[in-house]
Amino acid sequence: MWCYKHYSWGHPIFFAFLSLQSNSIKTSKYNFFTFLPLNLFEQFQRIANAYFLFLLILQLIPQISSLSWFTTVVPLVLVLAVSGAKDAIDDFQTTENKHSQWHIVGELDEKWMNVQVGDIIKLENNNFVTADLLLLSSSEPHSLTYIETAKSCVVTLDAMKTSEVKCEAPNNKLDKFTGTLTLRGEKYALDSEKMLLRGCTIRNTEWCFGLVIYAGPDTKLMQNSGKTTFKRTSIDRLMNVLVLVIFAFLALMCLILAIGNGIWEYDKGYYFQVYLPWAEGVSSAPYSGFLMFWSYVIILNTVVPISLYVSVEIIRLGNSFYIDWDRKMYYPVNDTPAQARTTTLNEELGQIKYIFSDKTGTLTQNIMCFNKCSINGKSYGDVYDLAGQRIEINEKTEKVDFSYNQLADPKFAFYDHSLVEAVKLGDVPTHRFFRLLSLCHTVMPEEKKEGNLVYQAQSPDEGALVTAARNFGFVFRARTPETITVVEMGETKIYKLLAILDFNNVRKRMSVIVRSPEGDLTLYCKGADTILFELLHSSCDSLKEETTEHLNEFAGEGLRTLVVAYKNLDEEYFEDWIKRHHVASTALEGREDKLSELYEEIEKDLMLLGATAIEDKLQDGVPQTIETLAKASIKIWVLTGDKQETAVNIGYSCNLLNDDMADVFIIEGSTSDDVLNELRNAREKMKPDSFLDSDEVNIQFEKSSKKAKLLPDEQANGVYGLVINGHSLAYALEGNLELELVRTACMCKVVICCRVTPLQKAQVVELVKKYKKAVTLAIGDGANDVSMIKTAHIGVGISGQEGMQAVLSSDFSFAQFRYLQRLLLVHGRWSYIRMSKFLKYFFYKNFAFTLVHFWYGFFSGFSAQTVYDEWFITLYNLVYTSLPVLGMSLFDQDVDDRWSMLCPQLYVPGQQNLYFNKIVFVKCMLHGIYSSLILFFIPYGAMYNTMRSDGKAIADYQSFALMAQTSLLIVVSVQIGLDTAYWTVVNQFFIWGSLSVYFAITFTMYSDGMYLIFTASFPFVGTARNTLSQPSAWLAIFLSVTLCVLPVVGYRLKAQLKPTETDKVRRYILLKIKEAKKRPPPPSPKRRLRRTSTRRSGYAFSHQHGFGALIMSGRNMRPKSPFATTGTFSPNSDKNKHKGL
């Protein structure tokens, strides 16, 4: 076993001894050879399928079989074939398309799947990286992309032919990589900064070359992805339990009948062998009873009919088509419909309790827009009418015309014309405000064409601010390590960059010190308001109050805010400071602390300029969707790799977090004990009683048991949120802390996990699955979401800008997060209700049908004789009752889709599994037993010693069987009518059509002609016309039907008079719906969500410490643009005056 991989391009024979992993990725469960055994193994995990296989074996034994073997083998093979075909289609859809991605190896175009470790490949801008690459060179300058050696030379492709790479074995640590490069006899260290990982996308880079280090399953992304598992719904698992219960009940009935047969044969049958001879090989009454046990197993097997599973698959398939066909979940922008990628999990969508969501690309578009600002105490960004009333901004609102600025970004939109007027009038604070935005940043410009500026920002926040300054006339044009070129209102100015005071998580601000062309020395600073307000000069107190009011307004609209300020520096003081700065920056010990002290020293007595407000654009409808799902008692957890500040800010923007919450706990402990204390403190505040010995959970977990225990739902004393970072989460997921984490987190309404790895996402989902009896759903759009999508009960992929990896691993997919509420509240809820109704009805009708055989056994010497005609037994589930129940299961709905969305509280019964559970099953079972008693004894009593109107007797077996089966079919038809809430033409046709088909087939099969043609097959000659022509027979049928449905009517009447709490809530909602239907409410106007909110700085969320030093070093600089130092393409070029230093 190799611990290290050696890649040597000078020794090709070396590869012959090393098994190199190809880049082929297997996202499917099956292949050509494993499909049949694996799929059969999965299908026979359904106990019912194994039971029917057992029945087939019994039917091959002549002594006990009263039915032909093909009556079981044909349906069983059909069920297995249909289910197998469906599973194959589902699995094929999840198979990654390996032929769509291409790359270049040397001069050859090659498919990604054929890439191997050791290949050198070329990638271009916007290409996906589908293997872990060691970056060799690129179109970008120096250290940002090249591998630098100690001698600062670039690694060339020719040099790689005589070089060797050693690296660590494949692992799932995304942020770590250890290796060495041996080049020309010297070794150089390799780390994660020199790697391009699978799942990334090349941006702002024309081309790059990379060496494949890990491929296929060895890549770090795939190491973080879980295995594809066989997902089954909670109803499937419940049905397995119920089938076992039914088997036990079946065995009990067969045992009773077998004992009865033994007693009857011993007491009566032994003496009547002349008339009723024993079967060949039967020599005693006990042996007869033994054989009769298995005969009754065959006869009573319809209590779990094989058609149940065929019908379930058809229902799921139909409800999957509804998702595929739903135009309200179609996204026309990129022509993406919703897709049910699996057809086995539909009803699970109606039982979701926890949603685990990615942030970027799922909740947000990752697009920042300059929205509002406050300058010198005046707020800009809102639009007012002539009466001074603020109006809502929409598509028809007039935009500011930036045509006067030839370098303006045409995509930038702003609506407040007063800000442009202030700029044009030369307002000094306004000019100084935008000058700061154009100078104080770490953005890199790119101008490949004259006047066509492209900004490359390490955070979208900075890009938005610099773009805003650009459009308002302060165009950041170019930079060098020593200068910044800005076109100010058409005039090109070059500022000398003297220092960048870099950002870090403690400072929460950054500053630049520049010298203007006029020689003025100025410090410009921007950062979090909570930090900068402490650094302001006392003369800014009144302005600070006004700005604070504006900040509160901005934050109330969910905008990301920051404050900007400046300071004019004294020349002598700065000369002394810069010398001390140089000494501190070259110190070998305590460098960071010394620099921080110097930064604190100079960033004092700042003069406030104003504040900015940036909108992190959410996907359309995200806040409303989250609000609606919360009303449905669904808890949403956000699992993101972003920084804590980013995630929290988005939490407020999309209504996950709000200031009405009692508290938002921040878990950021750096040790296991710190995390434990923080979690316990949070739980103590939410529920102090949870630490008492009498607490239910504490008592439950004090009992030692190897089996994982489920946590009951615990209610907090208020509404809380919880935020935990990835470092603390790593400790919390350890064995001794995971229980504390899940108890505390599940009491919160919202949980946000920041800086988490893909593997941690899956671990969090698995933790909730382990301790909570709840159905989970994971939703994401990127490759880093694949592991949690696979782990959750339901995985949803968003087909966004991060490729198709999430979609390929998902169970359902669509283009926008807002479609999730329709998927759950409409399709999921309907599917769950329909499946529940189907199962209740199906079990009822088959208990009522089958148990008549049981009662008949007591009157037939326990001889395993069937009550009904064999043709009726064959057609009962196949023809007579199949279509009505399918009609109900495919079309039924208690309320339409609009009211399902407007009343999300209707979703709660599905979470609590109220519509179908063990108690409901027992009720169906008892109802079926009761109905079977009625269906046997009423016809029996009506036929006993009965005479026809012409004096002839009709008390025969065939007439009794016909009356019983007719009563049964009418009873189950009436029952499905009572269960149907939404009548359609299809329902009517199926119910009345099935009854008509029954009578048509009955009169045909019992006719003289059929008897003459097929004498042995149709022995019930003339029974239909003789029996059904008698009024007494119809009276008995009417009485049977009435007595069978009487308990249902009585139970529903009781529910009306004494409703449960659930019934009250549902009745109240339905009443409101009925009232509203009489006067449909107007569509709610689109409005911006406003709420009272604390300020949340949006500054530098994506920043990385050290970027300022990189700029000052010049190692990331491109060759200077020929357009950057001229005013030729500046606004008002005739006024352009090039000013040097």
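Under an unreviewed UniProt entry, the chain has the name Phospholipid-transporting ATPase and belongs to Apteryx owenii. Of the chain, the UniProt comment under Subcellular location (unreviewed entry) reads exactly: "Membrane". One UniProt comment on the chain, placed under Catalytic activity (unreviewed entry), says "ATP + H2O + phospholipidSide 1 = ADP + phosphate + phospholipidSide 2."

A. Quick look at the overall build of the chain. Regarding its fold elements, the chain presents 37 helices and 32 strands. A separation of at least 24 residues holds for 74% of the contacts in the chain among residues at least 6 apart in sequence. Accessible surface, the chain as shown: approximately 51,200 Å² in total, 58% of it carbon and sulfur.

B. Region of interest: the sheet that holds strand β25 (residues 607–618). Taken in spatial order, the 9 strands line up as β14-β13-β25-β24-β23-β22-β21-β20-β19 in an open sheet, and their pairing is antiparallel. Each end of this open sheet is capped by a strand with a single partner; those strands are β14 (378–380) and β19 (474–479). Shown here is a sheet whose adjacent strand axes are inclined to one another by a mean of 30°, direction ignored. Sheet topology note: the strand β13 (residues 364–375)/β14 ladder contains 3 bridges and is antiparallel.

C. Local environment of the sheet that holds strand β11 (residues 339–340). With respect to topology, 9 strands assemble into an open sheet ordered β11-β32-β31-β30-β12-β26-β29-β28-β27, the strand pairing being mixed. The open sheet terminates on both sides in strands that have one partner only, identified here as β11 and β27 (663–667). As judged from the 3 bridges shared by strand β31 (residues 794–798) and strand β32 (residues 812–814), these two strands associate in the parallel manner. Bridging across to β32, G797 finds its partner in S813.

D. Here's a closer look at the pairing of strand β30 (residues 775–780). Most of β30 is tucked away, with 6 of its 6 residues classed as buried. Residues of β30 alternate between two faces, with V775, L777 and I779 on one and T776, A778 and G780 on the opposite face, all of them buried. Of the strand pairs in this sheet, strand β12 (residues 352–357) and β30 are connected by 5 bridges, and their pairing is parallel. If you follow I355 over to β30, its bridge partner there is L777. In this fold, β30 hands off to helix α23 (residues 786–791), which returns the chain to β31; that crossover is right-handed.

E. Region of interest: a nonpolar patch on the surface. On the surface, L252, I256, F858, F859, L933 and F937 cluster together into a nonpolar patch covering about 510 Å² of accessible area. Looking at the nonpolar patch, the elements with two or more residues in it are α6 (234–267) and α30 (918–943). Relative to the helices and strands, L933 is located in helix α30.

F. Main features of the confidence of the model for the chain. The pLDDT averaged across the chain works out to 80; a share of 81% of its residues lies at or above 70. Overall, residues 1098–1102 carries pLDDT values under 50, and its contacts beyond four positions in sequence, including any with other chains, amount to 23 contacts.

G. Structural detail: the packing of α6 against α30. Contact pair α6 / α30: the axes reach a minimum separation of 11 Å and the direction vectors enclose 35°. Where α6 crosses over α30, the two elements pack in a sense that is right-handed. The residues of α30 that touch α6, namely those facing L238, V241, L242, V245, I246 and F249, are K918, F921, M925 and I929. Class assignment of the residues belonging to the contact of α6 with α30 gives a composition of 9 nonpolar, no polar and 1 charged.

H. Spatial organisation of the packing of aromatic side chains. Overall, the coordinates contain 48 aromatic pairs when judged by the stated rule. On the numbers, 5.4 Å between centres and 85° between planes, the contact of F414 with F472 is edge-to-face. Residue F414 is located in the loop between β16 (390–391) and α9 (417–424), and its partner F472 is located in the loop between α11 (460–471) and β19; the two are separated by 58 residues in the primary sequence. Across the pair, exposure class does not vary: F414 and F472 are buried alike. For the ring pair F989 and F990, a centre distance of 6.1 Å and an interplane angle of 50° mean the geometry is tilted. Taking relative accessible area as the criterion, F989 reaches 58% and is therefore assigned exposed. Accessibility expressed as a relative area gives 18% for F990, which makes it buried. Taking NZ or CZ as reference, R470 lies 5.5 Å from the ring centre of Y455, over its face. Positioned over the ring face of F842 is K845, at 4.1 Å from the centre of the ring.

I. Representation of the nonpolar core in the model. By size, the foremost hydrophobic cluster in this structure holds 94 residues, and its most contacted members are L308, F838, L839, F847 and L968. In this view, L308 contacts M239, F838, L839, F842 and F843; residues no more than four positions away in its chain are not counted. In this structure, I484, Y495, F503 and V514 belong to the second largest nonpolar core, which totals 49 residues.

J. Structural context of helix α35 (residues 1031–1057). For α35, built from 27 residues, the straight-helix expectation of 39 Å at 1.5 Å per residue is met to within 8% by its first-to-last C-alpha distance of 37 Å. The sharpest bend along α35 reaches about 35° and sits at V1045, with the proline P1047 one to four residues further on. Listed in full, the buried residues belonging to α35 are A1033, A1036, I1037, S1040, V1041, C1044, V1045 and V1048. Considering only its buried residues, α35 is in contact with α25 (819–857), α30, α31 (957–979) and α34 (1023–1027).

K. How the structure looks around helix α14 (residues 571–585). Its 15 residues give α14 an end-to-end C-alpha distance of 21 Å, which sits within 8% of 21 Å, the value for a rise of 1.5 Å per residue. Among the residues of α14, F574, W577, H581 and A584 are the ones counted as buried. Around the axis of α14, the buried residues are gathered within 80° of arc, so they sit on the same side. Along α14, exposed side chains directed more than 90 degrees from the buried face belong to E572, K579, H582 and V583. In this fold, the buried residues of α14 make contact with β21 (491–501), β22 (509–515), β23 (521–527) and α15 (591–602). For α14, the N-terminal cap is D570; the gap from its side-chain oxygen to the backbone nitrogen of E572 is 3.2 Å.

What counts, and where the lines are drawn
Residues numbered from 1 in each chain as written. Predicted model: local features only at pLDDT ≥ 70, side-chain atom pairs only at ≥ 80, totals over all residues. Heavy atoms only, no water. UniProt positions renumbered as here; feature names shortened; annotations may be inferred. Helix = DSSP H or I, 4+ residues; strand = E, 2+ residues; numbered from the N terminus. Contact = heavy atoms within 4.5 Å. Areas by Shrake-Rupley, 256 points an atom, 1.4 Å probe, with all protein chains shown as cover. Pairing = 2+ DSSP bridges. Axes fitted to C-alpha atoms, helices over the stretch in contact; angles between N-to-C directions. Buried < 20%, exposed > 50% of the residue type's maximum accessible area, 1.4 Å probe, protein only. Right-handed = clockwise from strand over helix to strand, strands pointing away. Patch = residues over 30% accessible without salt bridge, like charges linked within 9 Å, V, L, I, M, F, W, Y side chains within 5 Å. Salt bridge = Lys/Arg side-chain N within 4 Å of Asp/Glu carboxyl O. pLDDT = per-residue confidence, 0-100. Left-handed = near helix turned anticlockwise from the far one by under 90°. Nonpolar A, V, L, I, M, F, W, Y, C, P; charged D, E, K, R; others polar. Phe/Tyr/Trp six-rings, centres within 6.5 Å; stacked < 30°, edge-to-face > 60°. Lys NZ or Arg CZ within 6 Å of the ring centre and 35° of its normal. Core = buried A, V, L, I, M, F, W, Y, C linked by side-chain atoms within 4.5 Å. Expected span 1.5 Å × (residues − 1). Bend = angle between axes of the 7 residues up to and from the residue. Arc of directions from axis to C-beta. Polar contact = N/O pair within 3.5 Å; in protein donor to acceptor, adjacent residues only side chain to side chain.

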